[in-house]
Amino acid sequence: MNSNMGESPQDATSLANNPNASAGQGNNSSIPTEGVTAGKNNPVLSTHKGATGTILEAAFVDPAYSWPPADGQGRNAIELQASTALIKSAGGDVKEDNDEISLTPSMMSSDEGSGVGNRPRFRTKKVTNVEVASRGGMLSCCRKSDEQVINTHQIRVDEDGNEVSDEQATYLQKQYTSNRAAAKSSKLARKQERERRILAKQKKKRREARARERYKRVPEGILIYRLDTSDRTITLVSGPSSNTNMDTLMEKLIVVNAKPSSDKSRRGILLTGSNGERVELVACEQRTAIAWLESMDMMLAGETNPAVKAALAESGGGDDNTGFGFKMSAAGKARGSNWAKGAESKLSQTEREEIEERYVNLAAYSNNLIRAGAIPGAAIANSKGKGKNVGGAGGIYYTVTQVREDGEEYDEETLESIAKRRAVIKDSWDFFRMVCSLLRDKRKYDEVFRRMQLDPVYPYLNSMTGLNDPGDDVAMGGNSGADKPLMQMHREEYDRMSNSAIATDLVKRAEVALPSLVEICKALAGSLGMEEVGVGPVKDAGAALRKAEKKYEGDVLKVTDYCRALLVVKDFSTLLALLELARDSFGPLIRRVKLSTLKSDRSSKAGGYRDCIINLELKEHICEIQIHLWPMWVVCGVDGFRHYRHCLEYSTDTFGDPFEALAGLDRKTMAELIVMAEEAVADMPLETLEWYHEKFILDYFAETGLFLHHGLYEWAETTLRALIKLRCQSPDIGPDHHETITLYKYLEQALRAQKKTEEAEHVAEKIFKNKQMKNTEKIEANKTLWDQWIAEPFESIVDPNKKEREEEERIKKEVRASKKAWRKIRDDRFKFLDGAD
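Since the structure is predicted, the reported quantities are computational estimates derived from the model, not experimental observations. (Residues numbered from 1 in each chain as written. Predicted model: local features only at pLDDT ≥ 70, side-chain atom pairs only at ≥ 80, totals over all residues. Heavy atoms only, no water.)

1. Re the confidence of the model for the protein
Alright, step 1. For the protein, the average pLDDT comes to 77, and 71% of its residues sit at 70 or higher.
Alright, step 2. Under a pLDDT of 50 for its full length, residues 378-397 has, in the predicted model, 49 contacts with residues more than four places off or in other chains.
Alright, step 3. The model gives residues 781-797 a pLDDT under 50, and that stretch makes eight contacts with residues more than four places away or in other chains. (pLDDT = per-residue confidence, 0-100. Contact = heavy atoms within 4.5 Å.)

Pasting the structure below:
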C-alpha cells in the first residue's frame, strides 16, 4: 500500500477569483471612487466630492452709493492699488501646515504589504515508502508484522506540510512578487496623492489669504460678491462701506431664480432666494451682469447636489414657497431657467457642465483681454475721450475660477483651445454685425429713394426709356447677365486666344481709351458742377475674368467697365441735364443708357443701391460712366461698392430682418456671441453712449438682436430705449426717421414678450401714426377708388377696364406736369443747354 504525505495547492483559477489574492485589487477597493476621473494611464483623484461648477467674483454697486464714481476716483486709484499694495501684500509667505488634510484611511496607511500576504516558504521533506508483511498463528495475539523499506525520496512542502509541485511553487512565487510590486506602486500613489492634497490646501490658503488682503482695500461704494455655481450660493466676501445699510445688506443667498432687472444701466440682476426673498444686485460692469446671469441660468437648469437639496429642503425652497409662482422640478432644476427649455432641457448633467466650463472660460478669457487692453479700438476710444470710466473700478475684481481638482491649473493646450474658440465666435459676431450693418444701409437706401421720388421731375424721369436697357430684373423682362445686349468688339484674333489673353488685350485697349474718357468727364463736370468726379483705374485682367465667370458665364467680352469713371450729380434735375448734354455732345458714341434701377417698378441693385450707367465707345473700346445721385452716394460714400459686393455675396436682400441671421443657433453659441458683443462695447458703457457714436450704436443694436433671441427681453428693452433716445437726439435722424421707427418695432416685440401690454400698445400706436403720416396720399387714393366702386358698382361691371384707363390717364397727366416742372428748372438752372441744341 502506498501513501502520499502532501495535499495539492490551490490552483491558478481559484487564486485569480480570490479578491484578496491581488494586492492591486485589494488597494483599489479601499480608494473611494466618488469624484474620480480616470485617465488613460494614471487615475486622477479629486477631493471635490461630486460637486462641480464655477466660482465667480466681481464688484457690485452698494445701493447707498452712486456709480460710476466722480472723476478722479475709481479706475486709476484701484488699478494702482491692485498692481502694488494688493498683489504685494497677498504674495508674501503664508504659514503652512499639513494638518486637517482630507485623506482616506488607505492614504494614511504605511503598510507596504497590505493585501500582499506572506512570502511563500517551502522546505524539503524526506518520504519513505514501506511494505508491511504479517505472519503468525490463528490468534491475533500470536501474529507478527515485519516492515520492509521499498524506496526513499524527497518532496517540496509548504509551511503546513502540504506537498507543492514545482509548477505550483513557481506560480506562487511569481504571484507574490507581482503583488508586492503592486503594493509598492500603490503606496507611492498614496504618498503622491497625500503630497498633492497638502499642496492643494497650501494653494487654497494662499488664495484665501490673497482674497482677504485684496478685499480689505475695496473702495467705498463697492461690494465684492462670490457666486459658487456648485452650491448655488452668492456670498459677500468684502466688508461693508461706511454708508452701507446693514439692515438690507445681502450677505449670503441660495439662488432659486435669476433674471435681468429693469435697471437703466443694464447692469442689474434680480435674484430670488430659497426663502422667497428678492434682491437686486447692480454690477459695476455690464459684462459682469452678463456672465453672472448666464452662469446662474445654466446653474439653475442643472441637477442639484445633495448639499444644495438639503439646504433647499430646510428652507422649503424646493416648492413654490417663494410667493412669486417659482417652482423647482423634482431633480432640483429651475423651471424658469431658459436652459431648462427646448432642446437644452434634454442635455445630460455632464453636457451641461462641459457647456458651463466652455462658457466661463470664454468669458474669463475675453475679460482678461479687455483688462489687458488687447481689444482693438480701445486705445483709440480712450485717446479721443469717448469712453468714460473705461474698464471701471470694478474691473480689477472680475475673476472666474473653475471648481475642479485642487491645485490643477490650465495648461497651454487648454488656453490655446479657448483662444481658438474665441476666434471662431469672434468671426461669427463680426459676420452678424456686418449683416446688421448691410441691412441698415439697405433701409437707408430705400428711404432715400422713397424721398427722392417726391422730386417733381421724377415722374418724367420714370417715364423715360433707356437705350439698350432691358434691366437686370428678370421678372420684368430684364437680362440675367449672360444675355447682356452690349459687349466689347469681337476681333478675329480672339478666336485663337484664351480668355486670359483676351482680357489682357482689353485692358491694354482700355488704357488707350482712358484719356478720351477723362476729357469727356471733365467737360461734363465743368458744365454741370458735379459733386464728385473720379476716373479709373483700369480694371485688371484678373478682376475682369472673375466678373465674367460670375455674371457672364465666362465671356470676358461682356465686361464693359475695363475703362470707367464716376460722376456724382446733385439731384434728378442734374441727371436729366447730364443726359441731355451727353446726347447733344457725343450722342453717336453712346451705346447704352441704363436707367432701370431708378425706375419705381424695378428692383434696385443688391443692397438697395440705384444709379445710372452710360456706356460709350472710345477708340473702339466700350467704356463706362457711372452716374451717382448725391443723396444715395452719401449713405456709404466710396464704400458703396463694397456694400453692394457684400450684399451680393451673402444674399442679404433675402433677409427681411437682420436678426433672422440668428435663426437655428443653439443657446450655447448665442451666449458666447453675447460675450463677444460685450467685448465690442467694453469701451463704451450704455449710459455713456452719445448720439454720434455710430460704431457703438451699431454694436448695441446687434447685441439687442442677441438679447431678443436669447430671452433677455429686459435688457433688450433697456438697450432699445437708450438707442431710441439717441436717435431722437440726432440732428440727422429724429423721432420720425425710419431707423427710429425700426427700433420702436423691436421695442414693441420686447415689451410683448414681457407681457407689458399697455406699454406695447402705446409703442404700436407711435408706429401706426408714422406709417399713416407717410402713406396719407396713398390711403386717401385707395379710399377714393373704393368709395367709387361702392357708389358705381354697375358702371364698373359694365366697363371693367375703367379703373385701368383712369390710372393710365392719371400717370400721363403726372408725367406732363413733371415734364413742365423740368422745363422750368431747366430754364432756371441749365440755360446753357439751349445753346447745345
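Following the structure, the description resumes.
2. Things to note about the pattern of salt bridges
Alright, step 1. The full count for this structure, using the stated rule, is 44 salt bridges.
Alright, step 2. Glu-416 serves as the salt-bridge partner of Lys-420, at 3.5 Å between the closest nitrogen and oxygen. Taken as a pair, Lys-420 and Glu-416 lie in helix H10 (residues 412-452) at a separation of four residues, close to a single helical turn.
Alright, step 3. Lys-420 sits in the exposed class, given a relative accessible area of 52%.
Alright, step 4. Salt-bridge contacts for Glu-739 lead to Arg-727; the nearest nitrogen and oxygen are separated by 3.1 Å. Of this pair, Glu-739 sits in helix H20 (residues 738-753) while Arg-727 sits in helix H19 (residues 713-729); the two residues are 12 residues apart in sequence, bridging distant segments of the chain. Comparing Glu-739 with Arg-727, the two get one shared label, buried.
Alright, step 5. In this structure, a network of salt bridges that share partners links the residues Lys-444, Glu-694, Arg-727 and Glu-739. (Salt bridge = Lys/Arg side-chain N within 4 Å of Asp/Glu carboxyl O. Helix = DSSP H or I, 4+ residues; strand = E, 2+ residues; numbered from the N terminus. Buried < 20%, exposed > 50% of the residue type's maximum accessible area, 1.4 Å probe, protein only.)

3. Notes on the sheet that holds strand S14 (residues 590-594)
Alright, step 1. Within the open sheet, the five strands sit side by side as S12-S13-S16-S15-S14. Their pairing is mixed. At either margin of the open sheet sits one strand with a lone partner, and together these are strand S12 (532-535) and S14. Averaged over all pairs of adjacent strands, the angle between strand axes in this sheet comes to 15°, irrespective of strand direction.
Alright, step 2. In this sheet, strand S15 (residues 612-618) lies alongside S14 in antiparallel orientation, the contact comprising four bridges. Bridge pairing links Arg-592 to Asn-615 in S15.
Alright, step 3. Together, S12, strand S13 (563-569), S15 and strand S16 (621-629) form the strand contacts of helix H12 (residues 499-528), whose direction differs from that of S16 by roughly 40°. (Pairing = 2+ DSSP bridges. Axes fitted to C-alpha atoms, helices over the stretch in contact; angles between N-to-C directions.)

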